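Secondary and tertiary structure notes
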Amino acid sequence: MADTVGADPGNLPGLLDHWSARQPDDVLFSFREQGGAGLRSFTWRSFALRTQALAAAFDEAGLKTGTCAILAHTPGIELVAALVACMRIGALATVAPVTTAASIAAPRLRHRIKAIASDCQPMFALGLSSQRQEWLDATDGSIAFVATDLIGALSAPGKAVTAQRPAGSAANAPADIALLQYTSGSTSRPRGVAITHANVIANARALIDHVPVGATWLPQFHDMGLIGHYLFPIVLGGSCHAMAAPEFLRRPESWLKLVTDHSATYSAAPPFAFEQLLRRAETAPEAFEAIDLSSLRVLMAGAEPVPPELMQQFAARFARYGLQPGVL
């Protein structure tokens, strides 16, 4: 923690570059596709280079400081890279609640995307090439689509990136907006919250007191997933190991298997996830035989009302799998 604070550039791209210079070959992110179809991982160096390449391409396409972009990627690390790339050029990005390429066409999601677009007036939607047609159909072509997976990588560290702003400049000051986070719109129109670099950095340091190894299945359009698991490691020099949400819904123990496999030190989820695990432990206790939660230092429940009795039941039941007192 002292190293982070002592060389603090005060913004997320600057922290990414700070840690990339110190631990370039350590894994920053890994993401397992739904059904275990594949594992994609980034080291600190490769992720920093990816964000620089995307930032340069976005700048060339006309995405500038203060302009908005909607991130429409299906879940994965490319979405996070596009988000940080937008931060590098001072663009305002917000993550659309997309789960699959086809989900863009769902009427409720289309309505929410249009409400968000009406509010933030995005210059582009950023996503994967496999989503292009669904996006254009869902939005009637009103928002230009840029496929980030067709943007090539930088060949080597240190290559000039015209879009990258120096740490502490006007586009990357701590008080500048890092991203826009929209409410679900379930009770009214989606409302945007402007989250600054300083907000994310202070939140990470308030909640995590160590170099974190995270494990998560949470969707990236939820702030507990996006900020708590993908941005916190960038602040604190840690790592995040993730999987798609449907895998947890199909096999709740897969979340704890992820914790076990990577000796994760922190994780978080809404209370319903803890309830699912308790039910699964009752009906299929054999599924938890290899689970080891002794590495966890922070296990957080939130994002919806937290029933104390549920947390007490979980702590008591999963103590047998190494969950230490006070971690939950």
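My aim in this report is to walk through the structure given alongside it, one point at a time. (Residues numbered from 1 in each chain as written. Predicted model: local features only at pLDDT ≥ 70, side-chain atom pairs only at ≥ 80, totals over all residues. Heavy atoms only, no water.)

**Points about the environment of Leu128**
Definition in use: Strands here are runs of E lasting at least two residues and helices are runs of H or I lasting at least four, both read from the DSSP assignment and numbered beginning at the N terminus. A 1.4 Å probe rolled over the protein chains alone gives each residue an accessible area, and that area as a share of the maximum for its type sets the label: buried under 20%, exposed over 50%, partly exposed in between.
Assignment of secondary structure puts Leu128 in the loop between strand E5 (124-127) and helix H6 (132-139). On the basis of relative accessibility, which here comes to 17%, the residue Leu128 falls in the buried class. For the pair Leu128 and Leu150, spaced 22 residues apart in sequence, the C-alpha separation works out to 8.0 Å.

**With respect to the packing of aromatic side chains**
Where we set the bar: Whether two aromatic rings pair depends on their centres lying within 6.5 Å, for rings of Phe, Tyr and Trp, where Trp uses its six-membered ring; planes under 30 degrees apart make the pair stacked, over 60 edge-to-face, and the rest tilted.
Evaluation of the coordinates by the stated rule reveals 15 aromatic pairs. Measuring from centroid to centroid gives 5.6 Å for Trp255 and Phe274, while their planes differ by 75°, and the two rings are edge-to-face. In this pair, Trp255 is assigned in helix H10 (residues 253-262) and Phe274 in helix H11 (residues 271-283), connecting sequence segments 19 residues apart. Each of the two residues, Trp255 as well as Phe274, counts as buried. Ring centres of Phe274 and Phe314 lie 4.9 Å apart, and the angle between their planes is 90°; on these two criteria the pair is classed as edge-to-face. One end of the pair, Phe274, is in helix H11; the other, Phe314, is in helix H12 (residues 308-318), with 40 residues separating them in the sequence. With respect to burial, Phe274 and Phe314 carry one shared label: buried. Taken together through their ring pairs, the aromatic side chains of Trp217, Phe248, Trp255, Phe272, Phe274, Phe288, Phe314, Phe318 and Tyr321 make up a single cluster.

**Remarks on helix H3 (residues 44-61)**
Applicable threshold: Given the number of residues in a helix, its expected span is that number minus one, multiplied by 1.5 Å. The contact criterion used is simple: two residues touch if any of their non-hydrogen atoms lie within 4.5 Å.
Counted at 1.5 Å a residue, the expected span for H3 with its 18 residues is 26 Å, and the 26 Å between its end C-alpha atoms agrees. Listed as buried for H3 are Trp44, Phe47, Ala48, Leu49, Arg50, Thr51, Gln52, Ala53, Leu54, Ala55, Phe58 and Asp59. At its buried positions, H3 is contacted by helix H2 (12-22), strand E1 (27-32), strand E2 (39-43), helix H4 (77-88), E5 and helix H8 (223-236). Positive backbone phi, approximately 110°, marks Gly62, located one or two places after H3.

**A word on the pairing of strand E7 (residues 177-182)**
Here is the rule we go by: Paired strands are those between which DSSP finds at least two bridges.
E7 sits mainly inside the fold: 5 of its 6 residues count as buried. Sheet topology places E7 next to strand E8 (residues 192-196); 5 bridges connect them, and they run antiparallel. Bridge pairing links Tyr182 to Gly192 in E8.

**Topic: the nonpolar core**
The test is simple: The definition of a nonpolar core used throughout is a set of buried Ala, Val, Leu, Ile, Met, Phe, Trp, Tyr and Cys residues joined through side-chain atoms within 4.5 Å.
Counting 56 residues, the largest nonpolar core has Phe29, Phe47, Phe58, Leu231 and Ile234 as the members making the most contacts within it. Here the element with the most residues in this core is H4; it accounts for 10 residues. Not counting residues within four places of it along the chain, the set of residues in contact with Ile234 comprises Leu12, Leu15, Leu16, Trp19, Phe29, Trp44, Phe47 and Val84. With 31 residues, the next largest nonpolar core counts Met224, Met243, Ile291 and Met311 among its residues.

**What to know about the state of the cysteines**
The condition that has to hold: For this text, the term disulfide refers to a pair of cysteine sulfurs within 2.5 Å.
Applying the stated criterion to the full structure yields 0 disulfides. Here Cys120 stays unpaired: no disulfide links it, and the sulfur of Cys68, its closest cysteine neighbor, is 4.7 Å away.

**Here's the deal with the packing of helix H5 (residues 107-120) against H6**
The test is simple: In this analysis, axes come from line fits to C-alpha atoms, helices being fitted only over the stretch in contact, and the angle between any two N-to-C directions falls in the range 0 to 180 degrees. In what follows, roughly perpendicular refers to angles from 65 to 115 degrees, roughly parallel to angles under 35, roughly antiparallel to angles over 145, and oblique to any angle outside these ranges.
Interhelical geometry of H5 versus H6 gives an angle of 75° and a closest axis separation of 10 Å. Our classification of the angle between H5 and H6 gives roughly perpendicular. Note on element contacts: H6 touches H5 through Trp135, Asp137, Ala138 and Thr139, opposite Arg110, Ile113 and Lys114.

**As for helix H7 (residues 197-207)**
For the record, the criterion: Note that the arc is defined by the directions from the helix axis to the C-beta atoms.
When H7 is considered as a whole, its buried residues turn out to be His197, Val200, Ile201 and Ala204. Within H7, the buried residues cover an arc of 95° as seen down the axis, which keeps them to one side. Structurally, H7 contributes buried residues whose contacts are with H2, H4, E7, E8 and H8.

**A look at the pattern of salt bridges**
This is how it is decided: Salt bridge, as used here, is a side-chain nitrogen of Lys or Arg placed within 4 Å of a carboxyl oxygen of Asp or Glu.
Summed over the entire model, instances satisfying the criterion amount to 13 salt bridges. Of the charged contacts in the structure, one is a salt bridge between Asp17 and Arg88, with a shortest N-O distance of 2.8 Å. Highlighted residues: Asp17 in helix H2 and Arg88 in helix H4, separated in sequence by 71 residues. Looking at Arg88, the relative accessible area reads 1%, which means it is buried. As a salt-bridge pair, Asp59 and Lys64 come within 3.3 Å of each other at their nearest N and O atoms. When its relative accessible area of 13% is taken as the criterion, Asp59 is described as buried.

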